[in-house]
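Each chain, written out:
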Amino acid sequence: HELLAGQFAGAVGNARAYAAQRSRAEALAELDRAKTTFFANVSHELRTPLTLLMAPIADALADAGPGLPAGVRDQLTLALRNGHRLQRLVNDLLEFVSIEAGRASAVRVETDLAAFTAELAGVLRAATERAGLRLTVECPPLGRPAFVDPRMWEKIVLNLVANAVKYTFVGGIDVSLRAAGDAVVLEVADTGVGIPAAELPQLFERFHRVAGSPARSREGTGLGLALVRELVTLHGGSVRVDSEPGVGSTFTVTVPLGAPDAPAEGPATPSD
Ligand code: ADP
């Protein structure tokens, strides 16, 4: 009896703990939803005034002749650059929110992924060279069709390569793409500052930034990697990082080669 009573008490305890944990999880989920809605509303409200604020500055700069004092031109240029920064943040937040709300989906189209990836990496070649870094891009033809959402793939590649430039001071960045089975593997490797092992589990969480990490610029939101993970997940793929402080980091994205999106309507084609 004592044994049974003990077991019963244990079970009740477990059930209580379970209920407490569950309501805590529900409360957290509720909070998370409220936060997402809040971000969505704020971002949305910021968009229009931001555009209205920047348009006259851009116009003033474009219309002003050579008579515009250099100091004023510099101030306006600075204002415009920071406005663009804020716009990127607002857009990232809105994109993030729409993914989280389950409103976004990858629209897969057949893409020459090797050429596209090389072109995207090339967009950052000037910035890489300005930083005195090497950039190698190895994207041979995959030899089979790949279906991705091009706009999302662009964000994935640009975010990873831009990060590599931002957190690398010597050496360089290697971008490569290859097919592996039914998937395509993108690797962005750098010889940068690296990431402490303790930080790795939270690295892809939104707003997570490694405190004290040396960077080429402090500019950033901690949204880049979270967005990369969401976009990769929308493709049914995964992203991982291997890193060693002082040596460098390698981000590996694996995404199924995919198939065209099924037509929304129309009769099914007979198989033979
Ligand atoms: P951020 O806007 O801060 O760059 P991300 O989400 O892109 O946000 O990255 C989150 C954090 O991960 C960064 O703040 C940085 O500390 C770390 N990180 C990302 N990429 C690299 C990299 N290639 N090398 C070293 N640290 C990196």
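The structure we're discussing is the one just above.
So, how was this worked out
Residues numbered from 1 in each chain as written. Predicted model: local features only at pLDDT ≥ 70, side-chain atom pairs only at ≥ 80, totals over all residues. Heavy atoms only, no water. Axes fitted to C-alpha atoms, helices over the stretch in contact; angles between N-to-C directions. Helix = DSSP H or I, 4+ residues; strand = E, 2+ residues; numbered from the N terminus. Parallel < 35°, antiparallel > 145°, perpendicular 65-115°, else oblique. Left-handed = near helix turned anticlockwise from the far one by under 90°. Contact = heavy atoms within 4.5 Å. 1 Å grid on protein atoms, 1.4 Å probe; cavity = no way out; pocket = protein on both sides within 12 Å on 5 of 7 lines; lining within 4 Å. Points joined across faces, edges and corners; volume = space filled by probe spheres on them. Nonpolar A, V, L, I, M, F, W, Y, C, P; charged D, E, K, R; others polar. Phe/Tyr/Trp six-rings, centres within 6.5 Å; stacked < 30°, edge-to-face > 60°. Buried < 20%, exposed > 50% of the residue type's maximum accessible area, 1.4 Å probe, protein only. Near = heavy atom within 4 Å. Polar contact = N/O pair within 3.5 Å; in protein donor to acceptor, adjacent residues only side chain to side chain. Areas by Shrake-Rupley, 256 points an atom, 1.4 Å probe, with all protein chains shown as cover. Sits in = over half its atoms within 2 Å of the grid points. Pairing = 2+ DSSP bridges.

Asker: Help me get a handle on the packing of helix α3 (residues 113-123) against helix α5 (residues 150-166), residues and values and all.
Answerer: Packing of α3 against α5 brings their axes to within 10 Å, and their N-to-C directions diverge by 45°. With respect to α5, the axis of α3 lies oblique. The hand of the α3/α5 crossing is right-handed. Mapping the contact onto sequence places Leu-113, Phe-116, Thr-117, Leu-120, Ala-121 and Val-123 in α3 and Pro-150, Trp-153, Glu-154, Val-157 and Leu-158 in α5.

Asker: Give a detailed account of the layout of surface pockets, specifying residues and quantitative values.
Answerer: Picture a little ball the size of a water molecule; that probe, rolled over the atoms, points out where space is still empty. For the largest pocket, the calculated volume is near 1,300 Å³. Taken together, 43 residues make up the lining of the largest pocket; nearest its centre are Asn-159, Ala-162, Asn-163, Lys-166 and Glu-219. Counting residues per element, the ones that place at least two in the lining of the largest pocket are α2 (70-100), α4 (125-130), α5, α6 (224-234) and β7 (248-256). Element by element, the count of residues in the lining of the largest pocket is highest for α5, at nine residues. The residue inventory of the lining of the largest pocket, partitioned by class, reads 17 nonpolar, 14 polar and 12 charged.

Asker: Got a sec to walk through the packing of aromatic side chains? Specific residues and values, please.
Answerer: Within this structure, the stated rule accounts for one aromatic pair. Taken together, a centroid distance of 6.2 Å and an interplanar angle of 80° make the contact between Phe-204 and Phe-251 edge-to-face. Of the two residues, Phe-204 sits in the loop between β5 (183-190) and α6 while Phe-251 sits in strand β7, which places them 47 residues apart along the sequence. Exposure class is identical for Phe-204 and Phe-251. Each is buried.

Asker: Help me get a handle on the site of the ligand, residues and values and all.
Answerer: Surveying the vicinity of the ligand reveals 21 residues, the closest of which are Asn-163, Asp-190, Arg-209, Thr-221 and Leu-225. Contacts to the ligand include Tyr-167, whose side-chain N or O atom sits 3.1 Å from an oxygen atom. Between the ligand and Asp-190 there is a distance of 2.9 Å, counted from a nitrogen atom to a side-chain nitrogen or oxygen. Here the ligand loses 98% of its free accessible area of 530 Å² to cover by the protein chains. Mapping the ligand onto the cavity grids shows that it belongs to the largest pocket. When residues of the shell around the ligand are traced back to their parent elements, those giving at least two are α5, α6 and β7. Here the residues of the shell around the ligand are counted per class, giving nine nonpolar, nine polar and three charged.

Asker: Any details on the sheet that holds β5? Residues and values, ideally.
Answerer: One open sheet accounts for five strands, arranged β2-β4-β5-β7-β6; its pairing is mixed. If you trace the sheet from one side to the other, it starts and ends with β2 (134-138) and β6 (238-244), each paired once. The sheet shows a mean angle of 10° between the axes of neighbouring strands, direction not considered. Strand direction decides the pairing type here: β5 and β7, joined by eight bridges, are antiparallel. Bridge pairing in β7 places Val-185 opposite Thr-254.

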